[in-house]
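Structural overview
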Amino acid sequence: MTLKKNILALRQKKAIVEKGGGDKAIQKQVAMGKMTARERILALLDVNSFYEYDLFVEHEETNFGMESKVLAGDGVITGTGTISGAPICIYAQDFTVMGGSLGLKHARKITKIMDHAMKMKVPCIGINDSGGARIQEGIGALAGYGEIFYRNTMASGVIPQISVILGPCAGGAVYSPALTDFVFVVENISKMFITGPNVIESVLGEKISQEDLGGARVHAEITGNAHFFALSEKECLNQIKELISLIPHSNQVKAVKIKPQKPTFKKNIEKIIPSDPKQPYDVRDVIFALADESKFLEVHELWAPNIVIGFGRMNGETVGFVANQPMYLAGVLDCDASDKAARFIRFCDAFNVPIITLEDMPGYLPGVDQEHAGVIRHGAKMLYAYSEATVPKITVILRKAYGGGYIAMNSRHLGADFMFAWPGAEIAVMGPEAAANIIFRKEIMEAEDEDAMRQQKVKEYIEKFANPYVAAAKGYIDAVIEPLETRELLLHALAVSKNKDDYTPPKKHGIPPF
Ligand code: HXC
C-alpha cells in the first residue's frame, strides 16, 4: 500500500470510531438536550488544539455477549489540548457508547490521561456522562474505578482536578468527582447519586425522581457536592474556562498574571456597610470594590450562602476571597459554611493562592440542630485549615468579629500575616446585648427601669469592648484603617508577602477533623 492509501485507511478507521455509538444513539443524546462527548471537548478547548489518544483501544470482555460488541473508543474520549493557551488533559465519557459505562479498558484510558496530567503538571478535566460500572464486566469495572480514585487522591493538591457532570453519574462513580477540586453541574442534565430511584423504591418503598434525588440543584444548593451550577452546557463550559484562567495549573507554578486593572465597581466602599450594625448588606459588594476589574468568580454560590468564597485578582494576580455574608443568617458560621470555607482555604494553600479574609459575623450558629449536626467537628475544620495554611493570609475585619468566629476567621492567633480593621469593627466575646445581659444581669434586674439600665450597660460594653482599639492596643490588629485605604493596603500587603516562607513542623501529614 502506498502512503496515500494508508493515510486514507487511517482516516476511514478514525471516522468510524469518531461516530461513537452511531446515529441513533447520537440522536437520542441530542433529544435529551445534551451535546455529544466530542462536541463538549471541542467546545471547551481552543480551536484545533485537541489531540486524541487511545482512539483504537478495545475492551477485552467476553462474557454476556460482549465478545461480539465493538465499542468505539471503549466509551470514553481522552486527550490533551489547551484552554486559552493553557495545556490541559481531558477525558469525556461517551454516553452514546453503551451508556458511557465504565469497563476496565475505559478506566485505563482515564487513568493513563490522569497519569499524564500528573507528570506534565497540568489540570485534568473529566466530563462524566455514564451509567456507571459496566455491569457485564463485573470486577474489572470495579477495579477500574478503584484505580481512578487512587489517582484522584494522589493528584490532590498537585494538579487541579475538575469534574463536569453532564449526564448520569451513578453508584460508586460519584466518588471520583467527590475527590476532585471542583464539580460543575447543569440544570436538568446532571444527575448524581449512590443509589438510583429504582433501588430506593425497591428497598425503602419511596418514590422519587432522579432530579429530586440528585439533580443539579440538589448538589449545588443542598449537598454542596457541586461547586458551580449552570443553566446550559454552554454556560458550564464558559465557567470552566474562567476557572482555568484564574487558578494555578499545578502546585509548582503561580496562576497566570494579567494586566493589573482598577476596580470598576461604582458604589463607594464607605457606603456599603449600613450605619445600623443590625442591618445586612451584600459582602460581595466589598469584594467588587477591592478586586481588579471588580471581577469575582464565586465558588459554591448556591450552597451555605452565609459565607462567600471565590477567586479574584489583585494587581493582576489571583487571590482567594473568604467573606462572611451578613445577608444570610447574619453571616454566622455553621457546619456547611465551615466545610465550604475550610476546603477552599486548603485549595488556596495547596496551590499557593494568597487568601484575603473579610470578616463580619456574630460567631458560630447556636442551637440543638447545629450541635447535633456536629458543628464542633465541622467548625474545627476552619481552625485547622487557616492554621495550617502557609500562603499569605490577610484579614480585614469589616464590622462584627465575635467569639469563636473572631478566632476562626483567620485571626492573628491562627497565623494571619496582616490584620486590619475598619473603624466600626466590633471585636468581642459576644454581641453587646447578649454580653450586657449576662455580666450585668444583677444590676439590670435590680434597677427600677430595667430597659434603661440594660441600654446603659450595653452602651458601656460597646464603649469598652465593641471596637477595634482594645485588640489594636494588644497588637492583635496591625492597623485600624479607613475603608477607602483597604485596596491599597491589601496590594501592599500582598507585595510584601511575595516571598513568604513559613515554618510548619515536619510530619507525614496532619489529621484534620474530617
Ligand atoms: C452496561 C449500561 C449501563 C451499565 C447503561 N447501559 N448503563 N450497560 N452497564 N452500567 C447501557 C444500556 O443498557 C443501554 O444500552 C445504553 O447504555 C443506554 O442506556 P439507557 O438505559 O437506554 O439510557 P437512559 O434511559 O438514558 O438511562 C440511563 C441510566 C440507566 C439511568 C443511567 O441506563 C441506568 O439506570 N443504568 C444503570 C445504572 C447503574 O445501576 N449502574 C451501575 C451502578 S453500580 P442499549 O444497548 O440498550 O443501547 C456502580 C458501582 C461502581 O457503578 C462502584 C465503584 C466503587
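Residues numbered from 1 in each chain as written. Predicted model: local features only at pLDDT ≥ 70, side-chain atom pairs only at ≥ 80, totals over all residues. Heavy atoms only, no water.

Now for the overall build of the protein. Of the regular secondary structure elements, the protein holds 20 helices and 16 strands. Against the globule reference of 24 Å for 514 residues, the protein gives a C-alpha radius of gyration of 26 Å, in line with a compact fold. In terms of its C-alpha atoms, the protein occupies a principal-axis envelope of roughly 100 × 55 × 45 Å. Residue burial in the protein is summarised as follows: out of 514 residues, 51% are buried. Look at the contacts in the protein between residues 6 or more apart in sequence, and 73% of them connect residues 24 or more apart. Per element, the accessible surface of the protein, about 24,200 Å² overall, is 57% carbon and sulfur. Counting 57 positive and 61 negative side-chain charges, the protein places the centres of these two groups 7 Å from one another. (Helix = DSSP H or I, 4+ residues; strand = E, 2+ residues; numbered from the N terminus. Rg over C-alpha atoms; globule rule 2.2 N^0.38 Å. Buried < 20%, exposed > 50% of the residue type's maximum accessible area, 1.4 Å probe, protein only. Contact = heavy atoms within 4.5 Å. Areas by Shrake-Rupley, 256 points an atom, 1.4 Å probe, with all protein chains shown as cover. Lys, Arg positive; Asp, Glu negative; His and termini not counted. Charge placed at Lys NZ, Arg CZ, Asp CG, Glu CD.)

The immediate surroundings of the ligand are formed by 18 residues, with Lys28, Gly99, Gly131, Ala133 and Ile135 found nearest. Backbone polar atom of Gly99 to an oxygen atom of the ligand: 3.0 Å apart, as the coordinates give it. One of the backbone nitrogen or oxygen atoms of Ile135 is found 3.1 Å away from a nitrogen atom of the ligand. Coverage of the ligand by the protein amounts to 54% of the 1,000 Å² it exposes when considered alone. With three residues, the single largest contributor to the shell around the ligand is helix H5 (residues 139–155). (Near = heavy atom within 4 Å. Polar contact = N/O pair within 3.5 Å; in protein donor to acceptor, adjacent residues only side chain to side chain.)

Here helix H3 (residues 37–44) crosses helix H10 (residues 233–246) at 45 degrees, and the two axes come no closer than 10 Å. The angle between H3 and H10 places the two elements in the oblique class. Of the two possible hands of crossing, H3 and H10 adopt the one that is right-handed. Counting all contacts with H3, which are made through Arg40, Ala43 and Leu44, the residues of H10 involved are Glu233, Leu237, Ile240 and Lys241. Per-class residue counts for the contact of H3 with H10 are four nonpolar, no polar and three charged. (Axes fitted to C-alpha atoms, helices over the stretch in contact; angles between N-to-C directions. Parallel < 35°, antiparallel > 145°, perpendicular 65-115°, else oblique. Left-handed = near helix turned anticlockwise from the far one by under 90°. Nonpolar A, V, L, I, M, F, W, Y, C, P; charged D, E, K, R; others polar.)

Now for helix H1 (residues 3–18). Counted at 1.5 Å a residue, the expected span for H1 with its 16 residues is 22 Å, and the 22 Å between its end C-alpha atoms agrees. Downstream of H1 by one or two residues, Gly20 has phi in the positive range, about 60 degrees. (Expected span 1.5 Å × (residues − 1).)

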